[in-house]
Amino acid sequence: NVKLRESLNRLQRWEAVAHSLAQENTSLKALLHYREIPWPSFVSAKVIAGSGNSFVRALLISAGHRDGIQKGYAVVSGPGLVGRVVEVGEVSANVLLLTDLNSRIPVLVGTGGVRAILAGDNTDLTSLDLLPGKAGVEVGMRVTTSGHGGQLPPGLPIGRVSSVSDSLITVQPFVDFSRLEHVVVADWSLETLMKTATV
């Protein structure tokens, strides 16, 4: 009972902190006339099949040219970024997952915004490349898209740093790729976001 009461007290303190930060965030957004990144037009699709191949990490989804899908579009699920569209047919499309060996995504690590490239290696984990040294990167840090390159907006959740060593920093994606049933496909290219912002 003592331990449960201590846990409850800690949770109540964190709840108060979270509520305070939410209020502060709302106030600062109003003060700065902050505008959220516009949500572009999007299409929901069903996952038809996985690659079934240990050498390729990809999905086949039930949306294609007839639905407005184009190569390069971002694919997300509830927890975060899944990958990007690499091939498009009339009624279906292939999605290259974050975990594929050919996947490279510009990212930011932690609240300090350490820049890196998230790379797949055909396992269930991803790793960070091109870090200017590894100072400040710790296990548990959140990894999000940086927005560089103009294909993805900043701030899309990807995962958390799961291990740090002299030779490798691994990231555990938020998405459980083995359980994906439905995804959302959206055009977050810089051109589209600029058009949306001027409407």
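Our structure's up above, just so we're on the same page.
Residues numbered from 1 in each chain as written. Predicted model: local features only at pLDDT ≥ 70, side-chain atom pairs only at ≥ 80, totals over all residues. Heavy atoms only, no water.

**A few points about the sheet that holds strand β6 (residues 104-109)**
And then number 1: Strand order in this closed barrel of six strands is β6-β7-β8-β11-β10-β9, and the pairing throughout is antiparallel. Adjacent strand axes in the sheet meet at a mean angle of 45 degrees when their direction is disregarded. (Pairing = 2+ DSSP bridges. Helix = DSSP H or I, 4+ residues; strand = E, 2+ residues; numbered from the N terminus. Axes fitted to C-alpha atoms, helices over the stretch in contact; angles between N-to-C directions.)

**Topic: the sheet that holds strand β4 (residues 81-88)**
What links the strands of a sheet is backbone hydrogen bonding, and the strands pair in either a parallel or an antiparallel sense.
And then number 1: On the basis of which strands lie adjacent, the closed barrel formed by six strands has the order β1-β2-β5-β4-β3-β12 and antiparallel pairing. On average, adjacent strands in this sheet sit at an angle of 40 degrees to one another, irrespective of strand direction.

**Section: the nonpolar core**
And then number 1: Ranked by size, the top nonpolar core spans 41 residues in total, and within it L81, V82 and L128 carry the most contacts.
And then number 2: Among the elements that line this core, the one with the most residues is strand β12 (residues 182-186), at four residues. (Core = buried A, V, L, I, M, F, W, Y, C linked by side-chain atoms within 4.5 Å. Buried < 20%, exposed > 50% of the residue type's maximum accessible area, 1.4 Å probe, protein only.)

**Let's talk about unusual backbone geometry**
And then number 1: Positive phi, close to 65 degrees, is recorded for N122, a residue that is not glycine.
And then number 2: The residue N122 is located in the loop between β7 (114-120) and β8 (126-129) in this model.
And then number 3: On the basis of relative accessibility, which here comes to 14%, the residue N122 falls in the buried class.

**Considering the pattern of salt bridges**
And then number 1: Applying the stated criterion across every chain, the model contains three salt bridges.
And then number 2: Residue R57 is joined to D124 by a salt bridge in which the shortest nitrogen-to-oxygen separation is 3.1 Å. Separated by 67 residues along the polypeptide, R57 in the loop between β1 (42-50) and β2 (58-61) and D124 in the loop between β7 and β8 bring together distant segments of the chain.
And then number 3: Residue D176 is joined to R179 by a salt bridge in which the shortest nitrogen-to-oxygen separation is 3.2 Å.
And then number 4: The class of D176 is partly exposed, set by a relative accessible area of 38%.
And then number 5: Judged by its relative accessible area of 66%, R179 falls in the exposed class. (Salt bridge = Lys/Arg side-chain N within 4 Å of Asp/Glu carboxyl O.)

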